[in-house]
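# Observations on chain architecture
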Amino acid sequence: MTENEHELQETYPGQPNVAPTDELGETEPQMLEKSSQESNVTTFSPRRKYFILAIVSLHGFLGPLSSSIYVPAIAQVRQTFDSTETVVNMTVSLYVFFQGLGPLVWATLSERFGRKPVYLASAAMYVAATIGCAVAPHIVFFIIVRVIQSIGSSASQAVGAGTIADIFEPERRGNAMGFFFLGALLGPCIAPVAGAYINEYAQWRSMFWLLTGLGCLTLALTVLFLPETRRAAVHAESGWTVMLRPIKLLFQPVVFLGSLPLGLAYGFMYFMIASLPYLLVHHYSLTKIKVGLAYLPNGIGNALGALISGVASDRYMDVKRAATGVIDPVQRLTVVWLGILALVMGEILYGWAVQYSITMALVMIGLFLFGLGVGFIQSPTNTYLVDIFASSSASAISACNLLRCTLAGITPLLAPTMISAMGNGWSLTLLAGITLFSGICVVVLQKHLVEPKPV
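Basis of the calculations
- Residues numbered from 1 in each chain as written.
- Predicted model: local features only at pLDDT ≥ 70, side-chain atom pairs only at ≥ 80, totals over all residues.
- Heavy atoms only, no water.
- Axes fitted to C-alpha atoms, helices over the stretch in contact; angles between N-to-C directions.
- Helix = DSSP H or I, 4+ residues; strand = E, 2+ residues; numbered from the N terminus.
- Parallel < 35°, antiparallel > 145°, perpendicular 65-115°, else oblique.
- Contact = heavy atoms within 4.5 Å.
- Nonpolar A, V, L, I, M, F, W, Y, C, P; charged D, E, K, R; others polar.
- Polar contact = N/O pair within 3.5 Å; in protein donor to acceptor, adjacent residues only side chain to side chain.
- Salt bridge = Lys/Arg side-chain N within 4 Å of Asp/Glu carboxyl O.
- Core = buried A, V, L, I, M, F, W, Y, C linked by side-chain atoms within 4.5 Å.
- Buried < 20%, exposed > 50% of the residue type's maximum accessible area, 1.4 Å probe, protein only.

### Considering the packing of helix H10 (residues 173-201) against helix H15 (residues 296-324)
- At a closest axis distance of 8 Å, the pairing of H10 and H15 adopts a crossing angle of 175°. Considered as vectors, H10 and H15 are oriented roughly antiparallel to each other. Contact residues: H10 offers Arg173, Gly174, Asn175, Gly178, Phe179, Leu182, Leu185, Leu186, Cys189 and Val193, while H15 offers Leu296, Asn298, Gly299, Asn302, Ala303, Ala306, Leu307, Gly310, Val311, Ser313 and Asp314.
- Taken together, the residues of the contact of H10 with H15 break down into 11 nonpolar, 8 polar and 2 charged.

See the structure below:
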């Protein structure tokens, strides 16, 4: 047994008679790549690591922010382009869909050519497309540049996880992942608030000029301060092998089951986001600005959930290692149960409080628990995938992201029909039941009924 194998055998002693490469689902050369990559952890000081993480998190914030910031101004956009509601709504659905599709390509490029070139190319694409949105002369042009904007803003959703795997030790990744996903979780909740205020006092094109400024700031920080973090040899595999890896990973039971609770939680959050404005106006007669502010409890819950669950999963791993001497990445998923329970309570409380027009205080508590649950599920799930596919972490996260964004694109389309047919209370109760049932996926993984396979 080589020195590298001995080190990994001590780290993952749950497989005492199996080579570490089988546990990680990699070949011998890829195992050496992993060891080389983990040596990069010591390259940066803790302060530098978190500065890098802050820049990467800003990349991650742009995509979800741009997704729904102009939702409050959809009527104004429709009037500007003299279009139908269905066609204008396509700009939202297509954006979310390409948020899931884009990372498949960016992850491939980052694992073949490195992280920084991908951040630079994607940020430049985002800025150019956002300017195009601001000056769009007609609806067809607007839809095209919205798709390009989505692709440009989607890179960090997969590549960011790869950067975390590059520079953070496995036992510290949960905290880092929680910080990183703050942007992804806060974006959909802050965007409607910002969009409502801008829509009240300015034209919808102003939103895209604001996003252009944020994109330029992100690009400048990337050029000046973001180093290349992937130091391992990345040209050994063919382009097609790397390109197909995220798809192959998604069809692995361990990845699909690990991603499904998160995908459902994220999809149900977009179910709520899409239906909330109409419901609050109909049941509580709120103004546009107050409707925008109603998203804040969900955003605060998202932020707290992402941060607390990241720290909690790291602490739980430390406790288990001290007690048993074993580091098993699946131990992180214990924290997901807290998210599932919080999400179920939030869905039921929010659903029935709105159904019967009960005090807004209960609605806000329900939305807070809703966001808290999503945050508690997201950070441990993504950190778990990074841990078990460390050298292909960007591909693993892009596979998870594809499922997550696909469900997030479908659920808003189902929301009007479901709420009309069943009412908000029973609709959210159904979602709560599905959320609770998704815990079976966690049980299967924690009992090691499925394991990672080579890709």
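### Let's talk about the environment of Thr80
- With respect to the helices and strands, the residue Thr80 is situated in helix H5 (residues 74-81).
- Here the alpha-carbon distance between Thr80 and Trp204, two residues 124 residues apart in the chain, equals 9.5 Å.
- Other than its neighbours up to four places away in sequence, Thr80 contacts Trp204 and Arg205.
- Separated by 3.0 Å, the side chains of Thr80 and Trp204 make a polar contact.

### Thoughts on the pattern of salt bridges
- Tallied over the full model, the rule gives 7 salt bridges.
- Here Arg321 and Asp318 are joined by a salt bridge, their closest N and O atoms 3.5 Å apart. Of this pair, Arg321 and Asp318 are both found in helix H15, 3 residues apart, which corresponds to roughly one turn of the helix.
- The network of salt bridges with shared partners includes Arg173, Asp314, Arg332 and Asp387.

### Regarding the nonpolar core
- Counting 91 residues, the largest nonpolar core has Tyr350 and Val363 as its most contacted members.
- The greatest single-element share of this core, amounting to 18 residues, is contributed by helix H13 (residues 253-284).
- If we skip the residues at most four places from it in the chain, Tyr350 touches Met272, Ser275, Leu276, Leu279, Val363, Gly366, Leu367, Asn424 and Leu428.
- In this structure, Val127, Ile139, Ile143 and Ile198 belong to the second largest nonpolar core, which totals 26 residues.

### With respect to unusual backbone geometry
- Positive phi, close to 55°, is recorded for Ser285, a residue that is not glycine.
- Note that Ser285 resides in the loop between H13 and helix H14 (288-293).
- Non-glycine residue Ser357 carries a positive phi angle of around 55°.
- Residue classification places Ser357 among the partly exposed positions, given a relative accessible area of 37%.

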